[in-house]
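A closer look at the structure
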Amino acid sequence: MKRSWMNSPYAFSLGMFAMMVPSQAFSSFYSYFYVDKLGLGIGLATLARTIFLIWDAVNNPLFGYWSDRTKTRFGRRRPWVFGAIPLFMLTFILIFSPPDGLSENGLFTWFLVALILYEAVATVLWVNYGALFPELFRGDRIRAKASAIQQGYQVVALLIGTALTPILFGMMGFSNMSILYALIFGVFMFLCMMSVREQAEVMPGEPPKLVEAFRQTLKNKKFWVFNISNSFAQTVNGLISSIIPFYAKYVLQIPEKQVSLLLAAVFISVIPLVFVWYFIIRRMDGVKAWRLSLVVYGLSVIPLWFGYDLVSGVVAGTAVGFGLAGFLVTPAMVGGNIIDEDAEVTGQRREGIYTAVSGFITRSSGLISALAFFVVGMIFGYESGDNPGSDPESTFRYLISVIPFGLLLISVLISFSTKFQFHHKAGGSLDHGQKTDYKL
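So, a few notes on the structure that sits alongside this text.

Broken down by element type, the chain carries 14 helices and zero strands. Helices and strands appear in the chain in the N-to-C order α-α-α-α-α-α-α-α-α-α-α-α-α-α. At a minimum sequence separation of 6, the contacts of the chain that also span at least 24 residues come to 85%. Working note: accessible area of the chain is about 17400 Å², and carbon and sulfur atoms make up 67% of it.

As structure tokens, this is what we get:
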């Protein structure tokens, strides 16, 4: 491959596209599929998600720790990703292919087992792929550029995984849709990993043992404030995408085939807005840009409350797109600087453990989302598609606007709870391909 393509933001971002197509289809439609289509009660769906999070609390940090200690001639991260590719394809298909004729308990068991397997493999992918970002791209300038490109790819994947998915499962069913997305993932993830070469850095000393690695991570206040704040915003990402099919059905009262238009309004608008945010953050401190994006995101969900038909829903969805674009681009700079600062202190590049713990914190947002769904559903009497209660409109109007606004308000307040001052930024002004002394 051409040298300019190897380790370029464009090549690396193929991995984001690959993972986000099936991941977004999963997050947007697994609740709709199991609860509204198959009739699984939201109580059992919430229980399955809770059990998974207990398992995730164990495997996520462990995968990061093992990744940091991996040493092969192919790198630390790439062997893990190559091994996970076929397993991810299989487990994703299992999620959307339960056998016919299952009882509710049988359906719950299938969902729980498939979810645990799928999320475990997804953890391996996200930890190792995510750990490559701060390793390959050093400094605010290149990270801002790489993040904008990566999020551009991600938005295209989000559009496919949300707007195209209803069309596909309407034409071919959920199981065949999952097979198609698994194949797309496999092709693009393989191309990405073939285009990546890890940095051949030799760090002094041995990586810390597991307990010490966790102790050092737990002491980093910036890391915890940053990720806990992001977890509330990440909850909004998952909540809005998963609630949109319900919002379209019960609030906007549009036919299922028009859900794609509503989803497209959100994600098509994000593509140019990602680059608007790129130009904004080039002119301001990364931490300020991150905090600004949280504020804008919070304001952007308000118009969803006033939606009543397809047109008003599209207008509100476009507003959300601007807030979402900011949150997609800005965290990469802050997170990268936290990892760089840790490397200066410890003498070790520990992207794996930081990415893993960060992933667990932000992915725990799934529990917040599930609990919000459960509590609001119980308040207004929504149980499932078979028993939507007397006021499903209020259920999903609150879930798509009021709850997200409250979560983002919490996120903003947490983001201001500590000072983020980085005294040194490795390679801070260099573009991809230029020589740099990482000074680690």
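As enumerated under the stated definition, the model contains two salt bridges in all. Two residues, K249 and D36, come together in a salt bridge whose shortest N-O distance is 3.1 Å. Pair noted here: K249 is in helix α7 (residues 221–251) and D36 is in helix α1 (residues 9–37), with a separation of 213 residues, a long-range link. The class for K249 is partly exposed, based on a relative accessible area of 38%.

Let's shift gears to the packing of helix α9 (residues 286–300) against helix α10 (residues 310–329). Put simply, α9 and α10 touch, their axes get as near as 8 Å, and they point 165° apart. When the axes of α9 and α10 are compared, the pair comes out roughly antiparallel. The two elements α9 and α10 meet at a crossing, and its hand is left-handed. Of α10, the residues touching α9 (which contributes S293, L294, V296, Y297 and S300) are A316, A319, V320, F322, G323, L324, G326 and F327. Grouping the constituent residues of the contact of α9 with α10 by class yields nine nonpolar, four polar and no charged.

This part is about the environment of P255. Turning to its location among the elements, P255 is positioned in the loop between α7 and α8 (259–281). Exposure remark for P255: the relative accessible area of 39% places this residue in the partly exposed category. The sequence separation of P255 and L310 amounts to 55 residues, and the corresponding C-alpha distance is 9.7 Å.

Below, the discussion takes up the nonpolar core. The biggest cluster of nonpolar side chains holds 128 residues, and the ones touching the most others in it are F185, M189, I240, I243, Y297 and F396. Per-element accounting of this core gives the leading share, 19 residues, to helix α5 (residues 140–194). Those residues in contact with F185 that sit more than four places away from it in its chain are A18, M19, P22, I85, F88, M89 and L125.

Our next topic: the packing of α7 against α8. Viewed as axis vectors pointing N to C, α7 and α8 meet at an angle of 130°, and their least axial separation amounts to 10 Å. Regarding the angle of α7 to α8, the classification is oblique. Every pair of crossing elements has a handedness; the one defined by α7 and α8 is right-handed. Two secondary-structure elements touch here, α7 through I244, P245, Y247 and A248 and α8 through V259, L262, L263 and V266.

Taking 1.5 Å of rise per residue, the 23 residues of α8 would be expected to cover 33 Å, and the 33 Å separating its terminal C-alpha atoms lies within 8% of that figure. Bending of α8 peaks at approximately 40° at the position of I271, with proline P272 no more than four residues after it.

It is generally the case that most residues other than glycine have a negative phi and that most peptide bonds are trans. The phi dihedral of Q253 is positive, around 55°, even though this residue is not glycine. Mapped onto the fold, Q253 is located in the loop between α7 and α8.

Attention now goes to helix α3 (residues 78–95). An ideal rise of 1.5 Å per residue puts 26 Å on 18 residues; α3 measures up with 26 Å between its terminal C-alpha atoms. Of all the bends found along α3, the most pronounced is centred on I85 and spans about 35°, while P86, a proline, follows it within four residues. By the burial criterion, the buried members of α3 are R78, V81, A84, I85, F88, M89, T91, F92 and I95.

In this section: the environment of R138. Relative to the elements of secondary structure, R138 occurs in the loop between α4 (104–136) and α5. Placed 195 residues apart in sequence, R138 and M333 show a C-alpha to C-alpha distance of 9.5 Å.

Relative to the assigned elements, I85 resides in helix α3. With relative accessibility at 7%, the residue I85 sits in the buried group. Other than its neighbours up to four places away in sequence, I85 contacts F185, G186, M189 and F190.

About the criteria used
- Residues take numbers from 1 onward in each chain, read along the sequence in its written order.
- The predicted nature of this model means local features are confined to residues of pLDDT at least 70 and side-chain atom pairs, given and counted, to a pLDDT of 80 or more, with totals for whole chains, interfaces and linings taken over all residues.
- Values reported for side chains reflect all heavy atoms of the structure, with hydrogen atoms and water molecules removed beforehand.
- Segments assigned H or I by DSSP are reported as helices when at least four residues long, segments assigned E as strands when at least two residues long, and all are numbered from the N terminus.
- Here, residues are in contact when the closest pair of their heavy atoms is within 4.5 Å.
- Note that accessible areas follow from Shrake-Rupley with a 1.4 Å probe, and for residues the cover is restricted to the protein chains shown.
- Within this document, salt bridges are pairs made up of a side-chain nitrogen of Lys or Arg and a carboxyl oxygen of Asp or Glu, the two lying within 4 Å of each other.
- Only protein chains enter the accessibility calculation, which uses a 1.4 Å probe; a residue whose area is less than 20% of its type maximum is buried, one above 50% is exposed, and one in between is partly exposed.
- As a rule, the C-alpha atoms of each element are fitted with a line to give its axis, helices using only the stretch in contact, and angles between N-to-C directions run from 0 to 180 degrees.
- Each angle is binned into one of four classes, with values under 35 degrees roughly parallel, values over 145 roughly antiparallel, values of 65 to 115 roughly perpendicular, and all other values oblique.
- Throughout, a crossing is termed right-handed when the near helix is turned clockwise from the far one, and left-handed when it is turned anticlockwise from it by less than a right angle.
- Residue classes follow a fixed rule: Ala, Val, Leu, Ile, Met, Phe, Trp, Tyr, Cys and Pro count as nonpolar, while Asp, Glu, Lys and Arg count as charged, and any other residue, Gly among them, counts as polar.
- As used in this record, nonpolar core signifies buried Ala, Val, Leu, Ile, Met, Phe, Trp, Tyr and Cys residues forming a set joined through side-chain atoms within 4.5 Å.
- A helix's residues, less one, multiplied by 1.5 Å, set its expected span.
- Two axes enter the bend calculation: one fitted to the seven residues ending at the residue in question, the other to the seven starting there, and the bend is the angle between them.

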